[in-house]
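Below are the chains, spelled out letter by letter.
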Amino acid sequence: MESAQGGSPVKTTILILSDTHGMTLDGELPSQHADVAVHCGDLTEGSKLSEIRAALELLQAVNAPLKLVIAGNHDFTLDTPSFRKKVDEARPRLELELVREAYGDYGEAIQLLADARAHSIHYLDEGTHRSTLDNGAALTVYASPYTPSLGDWGFQYRPNDGHTYDIKPGTDIAVTHGPPLGILDRTDSSERAGSSDLFAAVARSKPRIHCFGHIQEGWGAKLVTWRDTTTEQPSHLTDIDNEQSTAIESLSTLRPGKFDTPETASIKEAKVRRYADQKSCRTRHCSDDDNPLIAGRQTLFVNAAIQGDDQMPLHPPWLVTLELPRSTGDQNAEMSPAIE
């Protein structure tokens, strides 16, 4: 099969993780080489400098020549206006020297991530970014840290205000902190917590992969096949061909349930052991020679939130094998914002 950009497509391994919240995860990440690693935000729990450094230590240990990082709502010091507002509005007034000691000056956390380029760690602002990978694949990424909320953390917008996710057609991977409405976004209270604006943008652009975190109990993956026609206001209720879509994995297939039969419980235990041994959950749904992902027709959605709960403290990261177009040589060798 020839790629649209010339030459045969390139099989590319992508490590996807999110919501590490300052953990270094010593010995918990796969040692297998990946062509690119993606972190979907919430590097920290409280955005302290020590947590930023711990996140960078984690990423340096990842066996990949390119590591792409976005912020999450917990990483509020990377959102300077939000950080300033928190400090200015705190009552009683904060001692600025103590703030600087724990969180750094305004912009200091961003500078730490900028300096991490020396270790092939690239912090992505919102927008489209392009690169040529070491394996010769051309990679186009859309990044956005923004999530809907009534809270006052970083990179958040009021749900009624909405947000524009400008995902271009031809995007290979959409990396956002939060999920789209209706896909891997159900909370333990059974509410949908994703963004309708984000779902609509993804449904229109149809990237090969959309990865995110934020809703930790939504961990899992789903291969979605889109309907032939996109509706005027795309929704998970109208634009997904459910009969041609596949749920790959979710916490419900790993956690014990009160109605599990002994056979079901045994299958779940075996899965958990296998993922623990692999230190990842793996899927080749996107590169199976007999059934490859159809670009423009299908999207693999991955909720890669690592932080779990008392029942399952850590969720495994994802290793995805994907066919990407081969570079024609006109992409930048270094990941950088695209010029539209």
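Rules and cut-offs
Residues numbered from 1 in each chain as written. Predicted model: local features only at pLDDT ≥ 70, side-chain atom pairs only at ≥ 80, totals over all residues. Heavy atoms only, no water. Helix = DSSP H or I, 4+ residues; strand = E, 2+ residues; numbered from the N terminus. Rg over C-alpha atoms; globule rule 2.2 N^0.38 Å. Buried < 20%, exposed > 50% of the residue type's maximum accessible area, 1.4 Å probe, protein only. Contact = heavy atoms within 4.5 Å. Disulfide = S-S within 2.5 Å. Phe/Tyr/Trp six-rings, centres within 6.5 Å; stacked < 30°, edge-to-face > 60°. Lys NZ or Arg CZ within 6 Å of the ring centre and 35° of its normal. Lys, Arg positive; Asp, Glu negative; His and termini not counted. Salt bridge = Lys/Arg side-chain N within 4 Å of Asp/Glu carboxyl O. Polar contact = N/O pair within 3.5 Å; in protein donor to acceptor, adjacent residues only side chain to side chain. Pairing = 2+ DSSP bridges. Arc of directions from axis to C-beta. Core = buried A, V, L, I, M, F, W, Y, C linked by side-chain atoms within 4.5 Å. Right-handed = clockwise from strand over helix to strand, strands pointing away.

- The protein is annotated in an unreviewed UniProt entry as Ser/Thr protein phosphatase of Purpureocillium lavendulum.

### Examining the overall build of the protein
Link 1 in the chain: A tally of regular secondary structure across the protein gives six helices and 16 strands.
Link 2 in the chain: Here the C-alpha atoms of the protein give a radius of gyration of 20 Å, agreeing with the 20 Å that 2.2 N^0.38 yields for 340 residues.
Link 3 in the chain: Evaluated residue by residue, the protein yields a buried proportion of 51% over its 340 residues.
Link 4 in the chain: Once local pairs closer than 6 in sequence are excluded, the contacts in the protein between residues at least 24 apart make up 72%.

### A word on unusual backbone geometry
Link 1 in the chain: Cis rather than trans, the peptide bond between Arg 91 and Pro 92 has omega equal to 0 degrees.
Link 2 in the chain: Here the phi dihedral of Lys 206 falls at roughly 50 degrees; this positive angle occurs in a residue that is not glycine.
Link 3 in the chain: Among the structural elements, Lys 206 can be located in the loop between helix H5 (196-205) and strand E10 (209-212).

### Topic: the state of the cysteines
Link 1 in the chain: Applying the stated rule across the entire model yields zero disulfides.
Link 2 in the chain: Cysteine Cys 40 remains unbridged, with the sulfur of Cys 211 as its closest cysteine sulfur at 3.8 Å.

### Notes on the packing of aromatic side chains
Link 1 in the chain: Applying the stated criterion across every chain, the model contains 10 aromatic pairs.
Link 2 in the chain: A centroid spacing of 6.1 Å and a plane angle of 65 degrees characterise the contact between Phe 76 and Trp 153, whose relative ring orientation is edge-to-face. Of this pair, Phe 76 sits in the loop between strand E3 (67-69) and helix H2 (80-89) while Trp 153 sits in the loop between strand E7 (147-148) and strand E8 (156-157), placing them 77 residues apart in sequence.
Link 3 in the chain: Take Trp 153: its relative accessible area is 33%, and that puts it in the partly exposed class.
Link 4 in the chain: Arranged with centres 6.0 Å apart and planes meeting at 65 degrees, the rings of Trp 226 and Phe 301 form a pair that is edge-to-face. Of this pair, Trp 226 sits in the loop between strand E11 (220-225) and strand E12 (246-250) while Phe 301 sits in strand E14 (residues 298-303), and the two are 75 residues apart along the sequence. The same class applies to Trp 226 as to Phe 301, namely buried.
Link 5 in the chain: Here a set of aromatic residues connected by ring pairs shows up, and it is made of Phe 76, Phe 83, Tyr 103, Tyr 106 and Trp 153.
Link 6 in the chain: For Lys 86, the ring lying beneath its charged end belongs to Trp 153, and the centroid distance is 5.1 Å.
Link 7 in the chain: Cation over ring: Lys 206 sits above Trp 226, and NZ or CZ is 5.7 Å from the ring centre.

### Focus on the side chain of Asp 42
Link 1 in the chain: Note on placement: Asp 42 falls in the loop between strand E2 (36-39) and helix H1 (49-60).
Link 2 in the chain: No salt bridge is formed by the buried Asp 42. Its closest oppositely charged neighbour is Lys 86, at 12 Å.
Link 3 in the chain: A distance of 2.9 Å separates a polar atom in the side chain of Asp 42 from the backbone nitrogen of His 74.
Link 4 in the chain: Filtering out sequence-adjacent residues up to four positions away, Asp 42 remains in contact with Asp 19, Thr 20, His 21, Ala 71, Gly 72, Asn 73, His 74, Asp 75 and His 177.

### Re H5
Along an α-helix, a turn takes 3.6 residues, which lines up residues three or four apart on a common side.
Link 1 in the chain: With seven of its 10 residues buried, H5 lies for the most part within the structure.
Link 2 in the chain: Taken as a whole, H5 has its buried residues at Leu 198, Phe 199, Ala 200, Ala 201, Val 202, Ala 203 and Ser 205.
Link 3 in the chain: As for H5, its buried residues are in contact with strand E9 (173-176), E10 and E14.
Link 4 in the chain: A positive backbone phi angle near 50 degrees is found at Lys 206, which sits one or two residues after H5.

### Details of the pairing of E9
Taken residue by residue, a regular strand's side chains alternate between the two faces of the sheet.
Link 1 in the chain: The two faces of E9 match: Ile 173 and Val 175 on one face and Ala 174 and Thr 176 on the other face are all buried.
Link 2 in the chain: Relative to E9, strand E6 (residues 138-144) is paired through four bridges, and the arrangement is parallel. Counted as the bridge partner of Val 141 is Ile 173 from E9.
Link 3 in the chain: Pairing geometry for E9 and E10, over three bridges, is parallel.

### Some points on H2
Link 1 in the chain: Looking only at H2, the buried set comprises Ser 82, Phe 83 and Val 87. Buried residues in H2, looked at end-on, bunch into an arc of 130 degrees, giving them a common side. Facing away from the buried side of H2, by more than 90 degrees, are the exposed residues Pro 81 and Glu 89.
Link 2 in the chain: For H2, the elements touching its buried residues are helix H3 (96-103).

### Digging into the nonpolar core
Link 1 in the chain: In this structure, Ile 16, Ile 209, Cys 211 and Trp 318 are the most contacted members of the largest nonpolar core, which totals 36 residues.
Link 2 in the chain: With four residues, strand E15 (residues 318-324) is the single largest residue contributor to this core.
Link 3 in the chain: Residues in contact with Cys 211, not counting those within four places in the same chain, are Ile 16, Val 38, Cys 40, Ile 173, Ala 174, Val 175, Thr 176 and Val 302.
Link 4 in the chain: Core analysis: the second largest hydrophobic core is formed by 27 residues, Leu 15, Ala 64, Leu 78 and Ala 116 among them.

### Considerations on the pairing of E10
Link 1 in the chain: Alternating residues of E10 divide into Ile 209 and Cys 211 and His 210 and Phe 212, and every residue in both groups is buried.
Link 2 in the chain: Regarding topology, H5 serves as the crossover connection from E9 to the parallel E10, and that connection is right-handed.
Link 3 in the chain: As defined by bridge partners, E10 adjoins E14 across four bridges and the pair is classed as parallel. Within E14, the position partnered with Phe 212 by the bridge is Asn 303.

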